[in-house]
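Summary of structural features
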Amino acid sequence: MMRKKSVSASKASLVLFLCQMISALEVPLDSKLLEELSQPPTITQQSPKDYIVDPRENIVIQCEAKGKPPPSFSWTRNGTHFDIDKDAQVTMKPNSGTLVINIMNGGKAEAYEGVYQCTARNERGAAISNNIVIRPSRSPLWTKEKLEPNQVREGDSLVLHCRPPVGLPPPIIFWMDNAFQRLPQSERVSQGLNGDLYFSNVQPEDTREDYICYARFNHTQTIQQKQPISVKVFSMDSLNDTIAANLSDTDIYGAKPVTERQPVLLTPTGSTSTKVELRGNVLLLECIAAGLPTPVIRWIKEGGELPANRTFFENFKKTLKIIDVSEADSGNYKCIARNILGSAHHVISVTVKAAPYWITAPRNLVLSPGEDGTLICRANGNPKPNISWLANGVPIAIAPEDPSRKVDGDTIIFSHVQERSSAVYQCNASNEYGYLLANAFVNVLAEPPRILTSANKLYQVISDSPALLDCAYFGSPKPEIEWFKGVKGSILRGNEYIFHDNGTLEIPVAQKDSTGTYTCVARNELGKIQNEVQLEVKDPTMIIKQPEYKVVQRYGQVSFECIIKHDSTLLPTVIWLKDNDELPDDERFLVGKDNLTIMNVTDRDDGTYTCIVNTTLDSVSASAVLTVVAAPPTPAIIYARPNPPFDLELTGQLERSVELSWIPGDENNSPITNFVIEYEDGLHEPGVWHYQTEVPGTQTTVQLKLSPYVNYSFRVIAVNEIGRSQPSEPSEQYLTKSASPDENPSNVQGIGSEPDNLVITWESLKGFQSNGPGLQYKVSWRQKDVDDEWTSVIVANVSKYIVSGTPTFVPYEIKVQALNDLGYAPEPSEVIGHSGEDLPMVAPGNVQVHVVNSTLAKVHWDPVPLKTVRGHLQGYKVYYWKVQSLSRRSRRHVEKKILTFRGNKTFGMLPGLEPYSSYKLNVRVVNGKGEGPASPDKVFKTPEGVPSSPSFLKITNPTLDSLTLEWGSPTHPNGVLTSYILKFQPINNTHELGPLVEIRIPANESSLILKNLNYSTRYKFYFNAQTSVGSGSQITEEAVTIMDEAMASRQVDIATQGWFIGLMCAVALLILILLIVCFIRRNKGGKYPVKEKEDAHADPEIQPMKEDDGTFGEYRSLESDAEDHKPLKKGSRTPSDRTVKKEDSDDSLVDYGEGVNGQFNEDGSFIGQYSGKKEKEPAEGNESSEAPSPVNAMNSFV
């Protein structure tokens, strides 16, 4: 059966047009044929529809056309005939319709404004151009105006208006100074689309007198300049100085400082606006805002995303630019201007309309008498364009009647045409935004066949490669093409030939016996013609002795062989390369007929050497590596990869198997372990080698399984322990016969992309799996448990088919079966797919909330009926948000949180709630398409919790016996505060803690004066808030009361008295004697009552400590506060304002502690190195605010 590479040839006019057109399409027809055939006119070149001309130069309106006989030209202007002979300024170019209007010799361009249209006409019809609107460009001067200086206060906004003159085309606007330097622009200062210069806020450096707006008119290459604009910015400092200089000392003066302002939009104004843009154009949206600090602009599209890859931000994100807009880009675009004080926004409603654009433009039609054909003109737009037809430039309703023609909307149907039916038809598609005009001719020809390929043309190809024999032809009606081999040979048919629609004969695998004379015959009802071409099939060029891997000693000699075999009629050329480059220009390299010799080898000669053999038809190459080594002390055995096998032979050829044999190459001192067999499919994947099988190294024949419709070549690779050999030369080719497919496509799926369709996809069979030509697929489907009959369609070699008009989300049984020209594959297995999903219809019901504690709630709901899900149930989403805090009664920005629960789950936990707050939630079901409607909002409240720590604690106004405490309420009260708890205790100079005192303070207080404290004493304070639930985290602080100056004086005096110094020396002497006595008694073996002494004199760390005010209570009674109540060690300091803020970082607290490794306890308090230590440490520096005294010194000995 004859195979076709594309759609079979038919007498349909459109296919004839595609293959054999002589005018509008680019078909390779010779000039002689073009001169002989009649052809209606075709417009080949014309001026643009909107043609703006330079009024200083001649106007050239182009109109070029071709046809046979050559067309004549005429023009209309503003709808009436334009007689160019009556206007001396207008001429038409010879053999052309192009008009030249002489402006440079006295004509005025304004006098020739209008709408022009060209008509090209010959005996076969008339073609018309577009309506060409001629307008001269204009670059008017700025109108004179008096510009007042702009005096503006620092921080205010400002707009400098440009208001350029109206030009044609509109000018390009830019701002410069007197030195012709562009004014710098930024987020604060920028130029709008209308040319105005916008200042979001002015600064003193904006003061200048040369803000100049320029308008550049590109068409006339002129630039117009506006008068300079002066701006003076008054800063607050200079304004205050000015006011002060004019007022007396008793006057109150002073301008307000620069105040920050929230954003206000300068353009566009109002909250909403609209914009219409045309399809395919660039959409530009602009928002410029005033404010201090300078606002930042952000853009979003409501209900959608900004289109990826087509969206750009310009002018510091103040301009949103979307290129190549389409109807899908319609919608609401919101710009948001924001700074630290607030935001402002504007919504621009964009509507994308469309001027007409082609869906199917009419195409030229070549018919023979008695044939049928159609002209189709389909266009789209918004609004829908109106389609109208003209015949030879005249509306078809008033054109001469043609019985073979019938107009049906956007289609003209021709039946049984005659030569008088030739004409040029115009299709006009128009709406309010523009029009399209297309010419398409109907050319009725009666021509006998002609063959355009040269007679006796010689084709030469290499054996086993494709051969393409041309037979370019023309005729009307379209001729039928047949090929014969030999002068009296039979017609060529069968799978070994491919017949192309353009007449070319393809022999996929040319063999030596394909050589000969081939005859092409073209015939139609008007005649027959034939042409002979010659085919010569040459033997391939082969390298029968390839260069081999060489190891040579330095200063030695090496030779690479390259022995070739080639067709005797072809002249080969041999080229040698080193590392893919030319050989060095060195006399040591000697190139012989069959070899390359390198004399006196050096280390630089190391590399890869390639032998390339070229003929006029093919090229082959082979490479080998040269390794240069130093001379070894003793000879060594060289182990190398094996040489490639050779003499491959195919025997026992059957439809599905063949036997391959070969001769192994040299093992190179390492036995061959196995052979790898690879194959090439010259029909489907030429040049690509695939793994077939492998056999042990002792085996030199193998039976290979084959697939139908594959042009096999085989090669063998030998493997030893060193590596793999180079592949052998390919075997002869073996083309297996075609058969029906053995298998069906895999991975068949059915998934809907829309609610009313089913997209069936599969993985196509690979080329060799097709088993024959004409691979197609039979796609079958039926609704599961509903339809008894299968619906089937046969599609081309594709991997997808879309079934439309399906119910939403219903199961389908699907199967895909492969077939080719020889039959069907086995019956495929069925798979279950589903049509497209749609959004769920109902919301979950009976939503209930159970509050577990102040930060956790559990939500329940009833599942929705599965039939209302309309898709694969993916789960439920719970949206919940805080409405307000019950303690502050103030609303805040609503931040919705979402929790997703997979599957058919009907409850979930809501963690991370804030105590004592009012919340709302709703539940939605989710499928593959998206979310369903939300359930009614459910309100619930969380109970009170413990508060956070007070926001700050400051200790001020220290006196001899009092301190003033001030604090801030907790940032998160988490309920109604009932009271504050203050605990404090003294710390002596050895960092030991005194008794703990606790005070309860009403919740409405924010300060407290502590009286009756000890002078010159350090105290540590612990402060927290309480609700009805309990106490919150505490904050700690330390402070010192003021020292009594008289006492300090007395202490200093006693310390300098002689009697005190003597007393201290006596005490030291007594202690020394006591230590000596104890030492002597112990050495004599006497027992020292250590235990009794320890009991009598316990560790001074836990003994009561002597102070000026008496005795402290026992420290160990405060075990519960052991960590928090220990004082800071030496070097610890509090901030200068006596404030410890909860938000301060660890690093800042360490800084305050002057190098102490500090950390936070669980309650937020600060602990230092003293935490958990029992030993005392020597005092360093003046750590304590208490002066050293003898009393304290004595206490240290007790």
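Residues numbered from 1 in each chain as written. Predicted model: local features only at pLDDT ≥ 70, side-chain atom pairs only at ≥ 80, totals over all residues. Heavy atoms only, no water.

Each helix and strand counted, the chain has nine helices and 90 strands in total. Burial statistics for the chain: of 1198 residues in total, 42% are counted as buried. In the chain, 66% of the contacts between residues at least 6 apart in sequence involve partners at least 24 apart. Here the chain displays about 63,300 Å² of accessible surface, and carbon together with sulfur accounts for 51% of that area. (Helix = DSSP H or I, 4+ residues; strand = E, 2+ residues; numbered from the N terminus. Buried < 20%, exposed > 50% of the residue type's maximum accessible area, 1.4 Å probe, protein only. Contact = heavy atoms within 4.5 Å. Areas by Shrake-Rupley, 256 points an atom, 1.4 Å probe, with all protein chains shown as cover.)

The next thing to look at is the state of the cysteines. Using the criterion set out here, one finds six disulfides in the structure. Here C287 engages in a disulfide with C335; their sulfurs sit 1.8 Å apart. Between C287 and C335, the S-S dihedral sits near -65°, and the bridge is therefore left-handed. Taken together, the residues C287 in the loop between strand 23 (283–286) and strand 24 (288–292) and C335 in strand 28 (residues 331–339) connect sequence positions 48 residues apart. Just as C287 is buried, C335 falls in that class too. Here the disulfide map of the chain reads 1-2, 3-4, 5-6, 7-8, 9-10, 11-12, the bonded cysteines being numbered as they appear in the sequence. (Disulfide = S-S within 2.5 Å.)

Here we take up the packing of aromatic side chains. Counted under the stated rule, the structure contains 21 aromatic pairs. Relative to Y116, the ring of F82 lies with its centre 5.8 Å away and its plane at 75°, an arrangement referred to as edge-to-face. Of this pair, F82 sits in the loop between strand 7 (80–81) and strand 8 (90–92) while Y116 is found in strand 10 (residues 114–122), placing the two residues 34 residues apart along the sequence. Judged by centre distance (6.2 Å) and plane angle (65°), the ring pair of F984 and Y1019 falls under edge-to-face. With F984 in strand 82 (residues 977–987) and Y1019 in strand 85 (residues 1018–1027), the pair connects residues that are 35 residues apart, well separated along the chain. In this structure F984 comes out as buried when scored by relative accessible area, which is 8%. Classification of Y1019 as buried rests on a relative accessible area of 4%. (Phe/Tyr/Trp six-rings, centres within 6.5 Å; stacked < 30°, edge-to-face > 60°.)

With the rule as written, the count across this model stands at 36 salt bridges. Put simply, R724 and E678 hold a salt bridge, and the shortest N to O gap is 3.9 Å. Taken together, the residues span a long stretch of sequence, with R724 in the loop between strand 63 (711–719) and strand 64 (734–735) and E678 in strand 60 (residues 674–681) at a distance of 46 residues. With a relative accessible area of 40%, R724 lands in the partly exposed category. Assessed through its relative accessible area of 11%, E678 is described here as buried. Note that E931 is salt-bridged to K877, the shortest N-O span being 3.1 Å. Here K877 lies in strand 75 (residues 873–885) and E931 lies in the loop between strand 78 (917–927) and strand 79 (938–941), a separation of 54 residues in the sequence. The partly exposed category is assigned to E931, whose relative accessible area is 25%. (Salt bridge = Lys/Arg side-chain N within 4 Å of Asp/Glu carboxyl O.)

What follows is about the pairing of strand 36 (residues 411–414). In this sheet, strand 36 lies alongside strand 31 (residues 373–376) in antiparallel orientation, the contact comprising four bridges. Bridge pairing in strand 36 links I376 to T411. Here four bridges tie strand 35 (residues 405–408) to strand 36, and the two strands are oriented antiparallel to one another. Across the sheet, the residue bridging to D408 is T411, located in strand 36. Taken together, strand 35 and the strand that follows it, strand 36, pair antiparallel across an intervening segment of two residues, in which G409 is found at a positive phi of about 65°. (Pairing = 2+ DSSP bridges.)

What the five strands build is an open sheet, ordered 49-57-56-52-53; its pairing is mixed. Each edge of the open sheet is held by one strand with a lone partner, namely strand 49 (550–553) and strand 53 (581–582). Bridging between strand 49 and strand 57 (residues 619–629) involves four bridges; their strand directions are parallel. Counterpart to V552 in the pairing with strand 57 is V628.

Turning our attention to the side chain of T98. Of note, T98 is situated in the loop between strand 8 and strand 9 (99–101). Ignoring any residue separated from it by four or fewer positions in sequence, one finds T98 in contact with V60, I61, Q62, C63, E64, T91, M92 and K93.

Pairing between sheet strands relies on hydrogen bonds along the backbone, with the strands arranged either parallel or antiparallel. Taken in spatial order, the four strands of this open sheet run 40-47-46-43, and their pairing is mixed. The sheet is open, and its two borders are formed by strand 40 (457–462) and strand 43 (480–485), each paired with just one other strand. When strand polarity is set aside, the average angle formed by the axes of neighbouring strands in this sheet is 25°. Pairing of strand 46 (residues 516–524) with strand 47 (residues 527–538), which is carried by nine bridges, proceeds in the antiparallel orientation. Counted as the bridge partner of C520 is N531 from strand 47. (Axes fitted to C-alpha atoms, helices over the stretch in contact; angles between N-to-C directions.)

The next subject is the confidence of the model for the chain. The share of residues in the chain with pLDDT of 70 or more is 84%, and the mean pLDDT across the chain is 83. Contacts for the low-pLDDT stretch residues 1–28, under 50 throughout, to residues beyond four places or in other chains number 67 contacts. Note on residues 248–255: pLDDT is under 50 here. Beyond four places in sequence and across chains, it has 11 contacts. (pLDDT = per-residue confidence, 0-100.)

A separate point is the nonpolar core. Judged by nonpolar contacts, the single largest core of 29 residues is most densely connected at I59, I61, W75, I101, Y116 and I134. Among the elements of the structure, strand 3 (50–53), strand 4 (59–61), strand 5 (63–68), strand 6 (72–77), strand 9, strand 10 and strand 12 (132–136) are those that each provide at least two residues to this core. Leaving out residues up to four positions away in the same chain, I101 has contacts with N58, I59, I61, Q89, V90, Y112 and Y116. (Core = buried A, V, L, I, M, F, W, Y, C linked by side-chain atoms within 4.5 Å.)

Here N771 lies in the loop between strand 66 (757–763) and strand 67 (776–783). Each C-alpha atom, one on N771 and one on E743, is 9.6 Å from the other, the two residues being 28 residues apart in sequence. If sequence neighbours within four positions are ignored, N771 has contacts with R656, P708, Y709, S738, A739, S740, P741, D742 and N820.

Turning our attention to the environment of Q46. By the element assignment, Q46 lies in strand 2 (residues 39–46). The spacing of Q46 and E64 is 18 residues in sequence and 6.5 Å in space, taken between C-alpha atoms. With near-sequence residues (within four places) excluded, Q46 lies in contact with Q62, S129 and N130. A polar contact is formed between the side chain of Q46 and the backbone nitrogen of N130, at a distance of 2.8 Å. (Polar contact = N/O pair within 3.5 Å; in protein donor to acceptor, adjacent residues only side chain to side chain.)

Tracing the sequence through the fold places N757 in strand 66. For N757, the side chain forms a polar contact with the main-chain nitrogen of E754, separated by 3.0 Å. In contact with N757, other than residues within four places in its own chain, are G752, I802, V803, S804, T806, S835 and G836.

Turning our attention to unusual backbone geometry. The linkage connecting L292 with the following residue, P293, adopts the cis geometry, with an omega of 0°. Residue placement: P293 occurs in the loop between strand 24 and strand 25 (296–301). Cis geometry marks the peptide bond from N382 to P383, where omega comes out at 5°. Of note in this structure, N456 is not a glycine but carries a positive phi near 55°. What makes N456 partly exposed here is its relative accessible area of 48%. A positive phi angle, near 60°, is found at N668, a position not held by glycine. By the secondary structure assignment, N668 is in the loop between strand 59 (657–663) and strand 60. Classification of N668 as buried rests on a relative accessible area of 18%.

Another aspect to go through is a nonpolar patch on the surface. A grouping of L1069, L1070, L1072, I1073, I1076, V1077, F1079 and I1080 is seen on the molecular surface, where their side chains present a nonpolar patch of about 770 Å² in accessible area. With respect to the helices and strands, the residue V1077 is situated in helix 6 (residues 1058–1083). (Patch = residues over 30% accessible without salt bridge, like charges linked within 9 Å, V, L, I, M, F, W, Y side chains within 5 Å.)

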